[in-house]
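Analysis of the macromolecular model
One letter stands for each residue in the lines below.
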Amino acid sequence: MAYHGAVLQVEDVALSQLAAEHGTPLFVYSKASMLAALAAYQRGFAGRHAQICYAMKANSSLGVLQVFASAGCGFDIVSGGELERVLAAGGDAAKIIFSGVGKTRGEMRQALQAGIGCFNVESEAELDVLSAVAESLALRAPISIRVNPNVDPKTHPYISTGLKDNKFGVAHEDALRIYQHAASLKGLQVVGIDCHIGSQITDATPYLDAMDRVLDLVASIEASGIALTHIDFGGGLGINYNNDTPPAADALWAQLLRKLDERGFGHKKLMIEPGRSLVGNAGVCVTEVLYVKPGELKNFCIIDAAMNDLPRPAMYQAFHAIVPLLANPTDTPEARYDVVGPICESGDWIGRDRTLAVKSGDQLAVLSAGAYCMSMSSNYNTRSRAVELLVDRATVHVIRERESTADQMRLERLVAL
Ligand SMILES: *Cc1c(COP(=O)(O)O)cnc(C)c1O
């Protein structure tokens, strides 16, 4: 998105026009921006045997999945529901990998019957269950085991999922033994290894460190007689929310591939599971200023989007830039505001201490809202989910209609009291 003159546009379409037609709050995604983010990875892997699996929990709307499916992407799923979405969007089952610490037997059956590419197993107990489920279907489940590289948290404090004290994956020290256990199970076929060290990572160093640790394991697992066809390095590459400077995907992979080649693993099939970096900066949430409420200590800018639409600030104290749809100079004075939603929670804020020149009825765009916004949205306060639009140059596709209160109540039943 960019200003054309004073008008904020997504591709060739003015956001103010979309807000007038579809109302607010409103999510707008740029197809070109998603494909450009994907292209950076594709350039990085040019000439390699690689599979990009979009981690769809970042944004699981069908129209978004269609964009990636038609670009040849695979998908990283974390539930049976996500599997159904991929298949409904035309995704290729063979390019699906299934992550998550708590897969149920039912989800395992569903994924085995669909013929997914690989289960990323996260515990020894899960191996036994998956093997039994596969045997009961007379199938063999292709698996990789998610290992925790335990990259030093002192140098990289923002890494949150590759450490010893979290629920994900198996410990580096236990990995070889657990691989041997997996290889002994009749319902399993060991095909790979995987890791995922965290999210919103803005530095190449933890990836390089994690790769070293994983390659050490690949060497010892293969020395024990278990062949690994692929190495999956997970997702986690950050995006620019607030002057963040993550490496570009192709530059990052140039460094990682150099290390892979130096260590003699350049021939392996590579897999990655990017989520945020494919969709985060492709989306905005358009919202209207309902009220401006000056206060003794703070001024509040009350908007019609809330923590049910944009949960990241409330959940993670995350920063989203907030900009006007029309950057015309106005006679409205600038002031510092906490930008908040209508929900009855003090945690319902979208931005703090923002300098804005706003009055009631003005429209704002919350930027970098393509990832972990709609997919984390809720109906709290009986607020209906927003509309989602996919913009492709001058063409606008509605990919999700605005939810109604009737939609929300559809599965509820009044009882005879
Ligand atoms: C969430 C997740 C991803 C994607 O993370 P991003 O930070 O969005 O790239 C990839 N792999 C696994 C296992 C995940 O849980």
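Residues numbered from 1 in each chain as written. Predicted model: local features only at pLDDT ≥ 70, side-chain atom pairs only at ≥ 80, totals over all residues. Heavy atoms only, no water.

Some words on the overall build of the protein
Counting its secondary structure elements, the protein contains 12 helices and 21 strands. For 417 residues, the compact-globule formula gives about 22 Å, and the C-alpha radius of gyration of the protein, at 23 Å, lands near that figure. By its C-alpha atoms, the protein is 75 × 60 × 40 Å across when sized along the principal axes. Put simply, the protein has 417 residues, and 51% of those count as buried. The long-range share in the protein, meaning contacts at least 24 apart out of those at least 6 apart in sequence, stands at 69%. With an accessible surface of roughly 17900 Å², the protein has 51% of that area assigned to carbon and sulfur atoms. Charged side chains of the protein number 37 positive and 46 negative; the gap between the two group centres comes to 3 Å. (Helix = DSSP H or I, 4+ residues; strand = E, 2+ residues; numbered from the N terminus. Rg over C-alpha atoms; globule rule 2.2 N^0.38 Å. Buried < 20%, exposed > 50% of the residue type's maximum accessible area, 1.4 Å probe, protein only. Contact = heavy atoms within 4.5 Å. Areas by Shrake-Rupley, 256 points an atom, 1.4 Å probe, with all protein chains shown as cover. Lys, Arg positive; Asp, Glu negative; His and termini not counted. Charge placed at Lys NZ, Arg CZ, Asp CG, Glu CD.)

Here we look at the pairing of strand β17 (residues 335-340)
Examined bridge by bridge, strand β15 (residues 299-303) and β17 share 4 bridges and lie parallel to one another. The residue of β17 that forms the bridge with phenylalanine 300 is aspartate 338. Pairing of β17 with strand β18 (residues 349-356), which is carried by 5 bridges, proceeds in the antiparallel orientation. The partner of tyrosine 337 across the bridge, within β18, is arginine 354. (Pairing = 2+ DSSP bridges.)

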